[in-house]
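Below, each chain spelled out in residue letters.
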Amino acid sequence: MKDMATSLKCHKIIGGYAEGEALISHEPICFYLTDPKTGVVREKNHELAGQNIANKVLVFPSGKASSVVQIDGLFKLAQHGLAPKAMIVKEVETVLVVSAFIAKVPLVDKLEKDPFKAIRNGDFVKVDADKSTVEVMRPKA
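So, a few notes on the structure that sits alongside this text. Please read all numbers here as calculations on a predicted model, not as lab measurements. (Residues numbered from 1 in each chain as written. Predicted model: local features only at pLDDT ≥ 70, side-chain atom pairs only at ≥ 80, totals over all residues. Heavy atoms only, no water.)

Where helix 2 (residues 94–103) is concerned, the buried positions are V95, L96, S99, A100 and A103. End-on, the buried residues of helix 2 take up no more than an arc of 130 degrees, which puts them together on one face. Exposed positions of helix 2 whose direction lies more than 90 degrees from the buried face are T94 and F101. Summarising the contacts, the buried residues of helix 2 are in contact with strand 2 (11–14), strand 4 (57–60), helix 1 (67–79), strand 5 (86–89) and strand 6 (107–109). Backbone geometry just after helix 2 places K104 at a positive phi near 60 degrees. (Buried < 20%, exposed > 50% of the residue type's maximum accessible area, 1.4 Å probe, protein only. Helix = DSSP H or I, 4+ residues; strand = E, 2+ residues; numbered from the N terminus. Arc of directions from axis to C-beta. Contact = heavy atoms within 4.5 Å.)

The structure is reproduced here in structure tokens:
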């Protein structure tokens, strides 16, 4: 069966292109509370606790934590090749922008549809921040 594809317009924050499997969090993320050597979320009681964010297209509401720990957390993941491939957020904040810029991770927001409704865990997602598009591919049921 063919995959079903949906193309969505978005707003580029940090440019670049990436594609990969989607991982959804309805909770803000602090990258400092992710193991920099494995990519596993170690924040207790977080929706993604125990899950690996490495090389995923991460969909989440926003970042959280102070600038130093957020930037350090994402930078260390990137140093080990374990950062998300791209990030799609509902609300952008300055610390997350700086973190994504330093780690060279494409970052977009303002999808034309609610990302939590348009994207599901396991969907294959292409983020082309430079063209302001997100393509979501879902296997046909």
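All right, on to the pairing of strand 4 then. Burial of the side chains of strand 4 extends over both faces: V57 and V59 are buried on one face and L58 and F60 on the other. In this sheet, strand 4 lies alongside strand 3 (residues 17–24) in parallel orientation, the contact comprising three bridges. Note that in strand 4 the partner of L23 across the bridge is L58. Taken together, the four bridges between strand 4 and strand 5 define a ladder with parallel strand orientation. (Pairing = 2+ DSSP bridges.)

A separate point is the side chain of D128. Here D128 shows up in strand 7 (residues 124–128). Look at D128: it is buried, it has no salt bridge, and the nearest opposite charge is K131 at 4.2 Å. (Lys, Arg positive; Asp, Glu negative; His and termini not counted. Salt bridge = Lys/Arg side-chain N within 4 Å of Asp/Glu carboxyl O.)

As a further point, take the pattern of salt bridges. Tallied over the entire structure, the rule returns six salt bridges. With a closest N to O distance of 3.8 Å, K12 and D130 form a salt bridge. Here the residue K12 occupies a position in strand 2, and D130 occupies one in the loop between strand 7 and strand 8 (133–139), the gap between them amounting to 118 residues. Judged by its relative accessible area of 40%, K12 is partly exposed. Linking R138 and D123 is a salt bridge whose minimum nitrogen-to-oxygen distance equals 2.7 Å. Note that R138 is positioned in strand 8 and D123 in the loop between helix 3 (115–118) and strand 7, a separation of 15 residues in sequence. As far as the burial class goes, R138 and D123 line up, both buried.

Before going further, it helps to examine the packing of aromatic side chains. One pair of aromatic rings is described through two measures. These are the centre distance and the angle between the planes. This model, assessed by the stated rule, comprises one aromatic pair. The interplanar angle of 85 degrees and the centroid separation of 6.1 Å between the aromatic rings of F31 and F60 together place this pair among those described as edge-to-face. Of this pair, F31 sits in the loop between strand 3 and strand 4 while F60 sits in strand 4; the two residues are 29 residues apart in sequence, bridging distant segments of the chain. Each member of the pair, F31 as well as F60, is classed as buried. (Phe/Tyr/Trp six-rings, centres within 6.5 Å; stacked < 30°, edge-to-face > 60°.)

Counting 22 residues, the largest nonpolar core has F31, I53, L58, F60, M87 and L107 as the members making the most contacts within it. Counting only elements with at least two residues in this core, the list comes to strand 2, strand 4, helix 1, strand 5 and helix 2. By residue number, the principal contributor to this core is helix 2, which donates three residues. The next biggest cluster of nonpolar side chains, apart from the first, holds 19 residues, and it includes V108, F116, I119 and V134. (Core = buried A, V, L, I, M, F, W, Y, C linked by side-chain atoms within 4.5 Å.)

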